[in-house]
Amino acid sequence: MATHINGSWELGAKMTALVVDDDSINQTIHHRLLEQLGIENQVARNGKEAIDIHCSGKKFDLILMDRDMPIMNGIEATRKLRAMGIRSMIAGVSTRCVKQEIQEFMEAGLDDYQEKPLTSAKIISILRKIHHSGSISY
Amino acid sequence: MDSVVQLQRQLVDYTVQLFNEGFLDDQFNQLQQLQDESNPDFVVEVVTLFFEDSERLLDELAKALEQQSVDYTKIDAHVHQLKGSSSSIGAQRVQKVCIGFRNFCEERNIEGAKNVCIK
């Protein structure tokens, strides 16, 4: 497993991400996972905070969306973001493994789904799906 | 310096033991991998967070089980959270216990659930 990974694209712009999760442990781990991959990221504690951040004008290359959160859950937040015209890569993250529940989440507008716990390998597999003008060196 | 080396060796032995006994799983390796010179205390910080969070959740669970009419939705939410955070740090034994606990709850088996809490 590579520990020195360059997270910058050929054109020099750093990748950005938003971690949306209500659990402080997951927030800490996912934030650090992304950080170690060279991806600048911030954390939202629930779906509503994620929406508010986007309303303030911020955009991200990648959104890691937890499913179960208070105030506004991941399914609703994903639907709202897509309705707002957000085209970022949104990867749903959850411990749920029932096909129907995953399907429901995907249909809200996800580009990918990963089962928790997250690892750097899982994040890299998400990143490989992102189409970008630069080339990826992971 | 000798005592530091000895402590380090003890830590390695203890960690291996925890893996062998199924308390920890591969995810813990991922956590250790996230620690480096720029984040030297990462594992300790996360594990501490986990203990604080779990203590709070277990308190809530115990309270909920003591109620006259048990609110299973609330209990389910707490255990779901504990299951999630324990799997994120590689605390395999805790995660497995959570799964067993939830089965008790589904069967409305209060005594079974209480026994799990005590453990």
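Rules used throughout
What you see as residue numbers is a count from 1 along each chain, following the sequence as written. To read the labels, note that chains go from A and ligands from 1, taken in the order they are written. Per-residue local features of the predicted model are confined to residues with pLDDT of at least 70, and side-chain atom pairs are confined, for both listing and counting, to 80 or more; whole-chain, interface and lining totals are unaffected and use all residues. Note: side-chain values were computed over all heavy atoms of the structure, leaving out hydrogens and water. UniProt positions are given in the numbering used here, feature names are shortened, and annotations may be inferred rather than shown by experiment. Where helices and strands are cited, they refer to DSSP runs of H or I of at least four residues and of E of at least two residues respectively, numbered from the N terminus. Remark: exposure states derive from per-residue accessible area (1.4 Å probe, protein chains only) relative to the maximum for the residue type, with buried under 20%, exposed over 50%, and partly exposed in between. Contacts between residues were defined by any pair of non-hydrogen atoms, one from each residue, lying within 4.5 Å. Surface accessibility follows the Shrake-Rupley procedure with a 1.4 Å probe radius. Residue values consider only the protein chains on display as shielding. Put simply, a nonpolar core is a bunch of buried Ala, Val, Leu, Ile, Met, Phe, Trp, Tyr and Cys residues held in one set by side-chain atoms that sit within 4.5 Å of each other. Defined in terms of a 1.4 Å probe, buried area is the accessible area two parts forfeit on being brought together, summed over both. By definition, a salt bridge exists where a carboxyl oxygen of Asp or Glu is found within 4 Å of a side-chain nitrogen of Lys or Arg. Ten residue types, Ala, Val, Leu, Ile, Met, Phe, Trp, Tyr, Cys and Pro, are classed as nonpolar, four, Asp, Glu, Lys and Arg, as charged, and the remainder, Gly among them, as polar. Each pair of strands is called paired provided DSSP finds at least two bridges between the two strands. Each axis is a line fitted through C-alpha atoms, and for a helix only the stretch in contact is used; angles between axes span 0 to 180 degrees, taken between their N-to-C directions.

- Chain B goes by Histidine-containing phosphotransfer protein in an unreviewed UniProt entry, where it is assigned to Salix koriyanagi.
- One UniProt comment on chain B, placed under Function (unreviewed entry), says "Functions as a two-component phosphorelay mediators between cytokinin sensor histidine kinases and response regulators (B-type ARRs). Plays an important role in propagating cytokinin signal transduction."

- Looking up chain A in an unreviewed UniProt entry gives the name Response regulatory domain-containing protein, with the organism given as Salix suchowensis.

Points about the overall build of chain A
Turning to step 1, where the next piece is worked out: On a plain count of helices and strands, chain A comes out with five helices and five strands.
Turning to step 2, where the next piece is worked out: Mapped from its N terminus to its C terminus, chain A presents α and β elements in the order β-α-β-α-β-α-β-α-β-α.
Turning to step 3, where the next piece is worked out: The proportion of buried residues among the 138 residues of chain A is 51%.
Turning to step 4, where the next piece is worked out: Sequence separation of at least 24 residues holds for 63% of the intrachain contacts in chain A that already meet a minimum separation of 6.
Turning to step 5, where the next piece is worked out: Approximately 6500 Å² of chain A is accessible, and the part contributed by carbon and sulfur atoms is 50%.

Digging into the nonpolar core
Turning to step 1, where the next piece is worked out: Counting 45 residues, the largest nonpolar core has Leu 62 and Leu 64 of chain A together with Ile 75 of chain B as the members making the most contacts within it.
Turning to step 2, where the next piece is worked out: Take this core: its biggest share by element is nine residues, from helix H3 (residues 42-66) of chain B.
Turning to step 3, where the next piece is worked out: Within the second largest apolar cluster, 20 residues are counted, among which are Met 65, Ile 75, Leu 81 and Ile 90 of chain A.

Side note on the interface of chain A and chain B
Turning to step 1, where the next piece is worked out: Between chain A and chain B, the residue contacts involve 17 residues of the former and 21 residues of the latter.
Turning to step 2, where the next piece is worked out: Sorting the residues of chain A by area buried against chain B places Ile 25, Ile 29 and Arg 32 of chain A first, and these three jointly supply 34% of that buried surface.
Turning to step 3, where the next piece is worked out: Scanning the region where chain A abuts chain B turns up one salt bridge.
Turning to step 4, where the next piece is worked out: Between Asp 36 of chain B and Arg 32 of chain A there is a salt bridge, with its nearest N and O atoms 3.0 Å apart.
Turning to step 5, where the next piece is worked out: In terms of residue count, the dominant contributor to the side of chain A that touches chain B is helix H1 (residues 24-36) of chain A (nine residues).
Turning to step 6, where the next piece is worked out: Of the residues belonging to the side of chain A that touches chain B, the class tally is six nonpolar, seven polar and four charged.

Quick look at the UniProt feature "modified residue: Phosphohistidine" (unreviewed entry) in chain B
Turning to step 1, where the next piece is worked out: Look at the UniProt record and you will see "modified residue: Phosphohistidine" (unreviewed entry) annotated at His 80 of chain B.
Turning to step 2, where the next piece is worked out: Residue classification places His 80 of chain B among the buried residues on the basis of a relative accessible area of 17%.
Turning to step 3, where the next piece is worked out: What His 80 of chain B contacts, discounting residues up to four positions off in sequence, is Asp 68 and Thr 95 of chain A together with Arg 102 of chain B.

Let's talk about unusual backbone geometry
All names here are of chain A.
Turning to step 1, where the next piece is worked out: Here the bond from Lys 116 into Pro 117 is cis, since omega is 5°, no more than 30 degrees from zero.
Turning to step 2, where the next piece is worked out: Structurally, Pro 117 is set in the loop between strand S5 (112-115) and helix H5 (120-127).
Turning to step 3, where the next piece is worked out: Non-glycine residue Ile 71 carries a positive phi angle of around 70°.
Turning to step 4, where the next piece is worked out: Examined against the element boundaries, Ile 71 turns out to sit in the loop between strand S3 (62-66) and helix H3 (74-83).

Examining the sheet that holds strand S2 (residues 40-44) of chain A
Residues and elements named next belong to chain A.
Turning to step 1, where the next piece is worked out: Strand order in the open sheet made by the five strands is S2-S1-S3-S4-S5, with parallel pairing throughout. Both edges of this open sheet fall to S2 and S5, since each of them pairs with a single strand only. Adjacent strand axes in the sheet meet at a mean angle of 20°, parallel and antiparallel pairs treated alike.
Turning to step 2, where the next piece is worked out: Sheet topology places strand S1 (residues 16-20) next to S2; five bridges connect them, and they run parallel. Residue pairing in the sheet places Val 20 in a bridge with Ala 44 of S2.
Turning to step 3, where the next piece is worked out: Sheet contacts for H5: S3, strand S4 (89-94) and S5; angle to S5, the most-contacted strand, approximately 175°.

Comments concerning the UniProt feature "modified residue: 4-aspartylphosphate" (unreviewed entry) in chain A
Residues and elements named next belong to chain A.
Turning to step 1, where the next piece is worked out: If you check UniProt for "modified residue: 4-aspartylphosphate" (unreviewed entry), the listed places come out as Asp 66 in our numbering.
Turning to step 2, where the next piece is worked out: By secondary structure assignment, the location of Asp 66 is in strand S3.
Turning to step 3, where the next piece is worked out: In contact with Asp 66, not counting residues within four places along its chain, are Val 20, Asp 21, Asp 22, Gly 74, Val 93, Ser 94, Phe 105 and Lys 116.

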